[in-house]
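Survey of secondary and tertiary structure
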Amino acid sequence: MPKTQAQNEILNYIKQHKAIPIDEFMRIAVKHYYANNEPFGEQGDFITSPEISQMFGEMIGIWCIQTWRKLKLEKFSLVEIGGGKGLLMKDLLRATKHDKVFNDNLDKIYMVETSERLKQIQQQEVNDERGCWVDHIDQVPEGNLLVIANEFFDALPIKQYKKIGESWKEIVVVDKDDKLSFALDNHVVDIHDKDILETSLESLEYAKCIAKKLVHGAMLIIDYGYLKKPNASTLQAVKNHKFHDVLKDIGNADITAHVDFAALIEVFNELGFENHITTQGDFLLDQGIGIRAKKLIENVAKEKVIMNQLNRLVHPEQMGELFKVLEVAKENK
Ligand code: SAH
């Protein structure tokens, strides 16, 4: 099998440093993946909530209006980080269009995105003159903001450590007899063993950057993740809607890790934010997704389709429970 560009970059890194840590590995794999592949939808590798149903972006739109009123934000900007194909923002903007005061106060729409390919798709989908495309939250001015990130943090690199006796050693990837394997120092390890600790320094740094920009406002972080460390690896690759070997066909499969919500909450807490965490199911039901589904059925009559979408988004055995919604907010005191 020919080597992918991501694989060559990883092999080069290994040549220079003997091994590559998981975070560097993920950074290279994720960058190539989003730059060159079509991740989303039936034809792609996985399906995200905005792809399942327009109701998802609509419910977030309702949250935006409610939060904007509650926090008395007045003039503000909307920010979405890692917007994929731009569907969430498109649905959000359509659902909030009728609120003239909210819209008159909506100054800019910042889409933070590193993939040039996705930026272009987003520009077509969002199609709003207030839209600004940037690579990093650093480029968004500080101020009154409402920030959304759906399945963004799971794409940020993690480091992994494994307990050997009383000490923790970092897990790396090495090139052993022309084959990539997980290793600790010079020992090959099974990363599906217990006693694995994960941390995502990059997520925490990113969260701090967001917090700095959020002088007054709120953020919604939606992702699959945990509050209690799982003591096992959550690193996973997905291709064509199936789990895939992390070390194979690198850059052509989606690589993610579960999000450590407790660590994110700690960052925002320390910086003076209020926080509230719930499940995706409860969040969407509280926002009134049931009523919206009923209305859509009345209007377009595709009862089976809409009930199926609703089920996928909120049912505990589907995305309802594994996916969490963390809301953080800061008042301008
Ligand atoms: N929110 C979308 C897409 C989720 S996939 C949805 O729900 O459908 C992850 C998104 O994050 C992609 O758009 C990817 O290009 C983007 N991304 C990955 N790493 C990023 C980074 N470091 N900075 C900004 N965007 C990033």
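Above this note sits the structure.
The sections below set out a description of the structure shown in this document. Worth saying up front: this structure is predicted, and the values here are computed from it rather than measured.

Rules of the game
Numbering of residues starts from 1 in each chain and follows the order in which that chain's sequence is written. Reporting of local features is limited, given that this is a predicted model, to residues whose pLDDT is at least 70; pairs of side-chain atoms are given and counted only at 80 or more, and all residues count toward the totals for whole chains, interfaces and linings. Calculated side-chain values reflect all of the structure's heavy atoms, with hydrogen atoms and water omitted. Residue types Ala, Val, Leu, Ile, Met, Phe, Trp, Tyr and Cys, when buried and joined through side-chain atoms within 4.5 Å, form a set referred to as a nonpolar core. Burial status follows relative accessibility: with a 1.4 Å probe on protein chains alone, a residue under 20% of its type maximum counts as buried, one over 50% as exposed, and anything between as partly exposed. The criterion used for residue contact is that any of the two residues' heavy atoms lie within 4.5 Å. Any Lys or Arg side-chain nitrogen found within 4 Å of a carboxyl oxygen on Asp or Glu counts as a salt bridge. Labels follow the DSSP assignment, with helices taken as runs of H or I lasting at least four residues and strands as runs of E lasting at least two, numbered in each case from the N terminus. A molecule or strand has a residue near it when one of that residue's heavy atoms lies within 4 Å. Under this definition, polar contacts are N or O atom pairs within 3.5 Å; protein pairs additionally need one hydrogen-donor-capable and one acceptor-capable atom, and for neighbouring residues in sequence, both atoms have to be side-chain atoms. Residue polarity follows a fixed list, in which Ala, Val, Leu, Ile, Met, Phe, Trp, Tyr, Cys and Pro are nonpolar, Asp, Glu, Lys and Arg are charged, and the others, Gly among them, are polar. The axes are straight lines fitted to the C-alpha atoms, using for helices just the contacting stretch, and the angles between their N-to-C directions are given from 0 to 180°. The labels follow the angle: roughly parallel below 35 degrees, roughly antiparallel above 145, roughly perpendicular from 65 to 115, and oblique for the rest. Crossing chirality is assigned from the near helix's rotation relative to the far helix, an anticlockwise turn below a right angle marking it left-handed and a clockwise turn marking it right-handed.

**Description of the nonpolar core**
- Ile60, Leu78 and Leu146 are the most contacted members of the largest nonpolar core, which totals 44 residues.
- Sequence-distant contacts of Leu78, that is, excluding residues within four places in its chain, are made with Cys64, Met89, Leu92, Leu93, Leu106, Lys108, Ile109, Tyr110 and Leu146.
- Ranked by size, the runner-up nonpolar core spans 30 residues in total, among them Ile81, Val112, Ala211 and Val267.

**A closer look at the pattern of salt bridges**
- In the structure shown here, the tally under the stated rule is 20 salt bridges.
- Here Arg292 makes a salt bridge to Glu58, at a shortest N to O gap of 2.6 Å. Residue Arg292 is found in helix 11 (residues 289–300), and its partner Glu58 is found in helix 4 (residues 54–70); the two are separated by 234 residues along the sequence.
- A relative accessible area of 23% places Arg292 in the partly exposed class.
- A salt bridge links Lys208 to Glu205; its shortest N-O distance comes to 3.6 Å. Placement of both Lys208 and Glu205 in helix 8 (residues 201–213) is noted, with a separation of three residues, approximately one turn of the helix.
- A relative accessible area of 41% means that Lys208 is categorised as partly exposed.
- One connected set of salt bridges, linked through shared partners, spans Glu58, Asp91, Arg94 and Arg292.

**Comments concerning the site of the ligand**
- Taken together, 15 residues form the shell around the ligand, and within it Thr48, Gly82, Gly84, Glu113 and Asn150 come nearest.
- Contact distances for the ligand include 2.5 Å between an oxygen atom and a side-chain N or O atom of Glu113.
- Among the residues making up the shell around the ligand, the classes are represented as six nonpolar, seven polar and two charged.

**A word on the packing of helix 11 against helix 12 (residues 303–314)**
- As a packed pair, helix 11 and helix 12 sit with axes 9 Å apart at the nearest point and diverge in direction by 165°. Relative to helix 12, the element helix 11 is oriented roughly antiparallel. Crossing handedness for the pair helix 11 and helix 12: right-handed. Between helix 11, through Ile289, Ala293, Leu296, Ile297 and Val300, and helix 12, the contact on the second element is made entirely by Glu303, Ile306, Met307, Leu310, Leu313 and Val314.
- In terms of residue class, the contact of helix 11 with helix 12 is built from 10 nonpolar, no polar and one charged.

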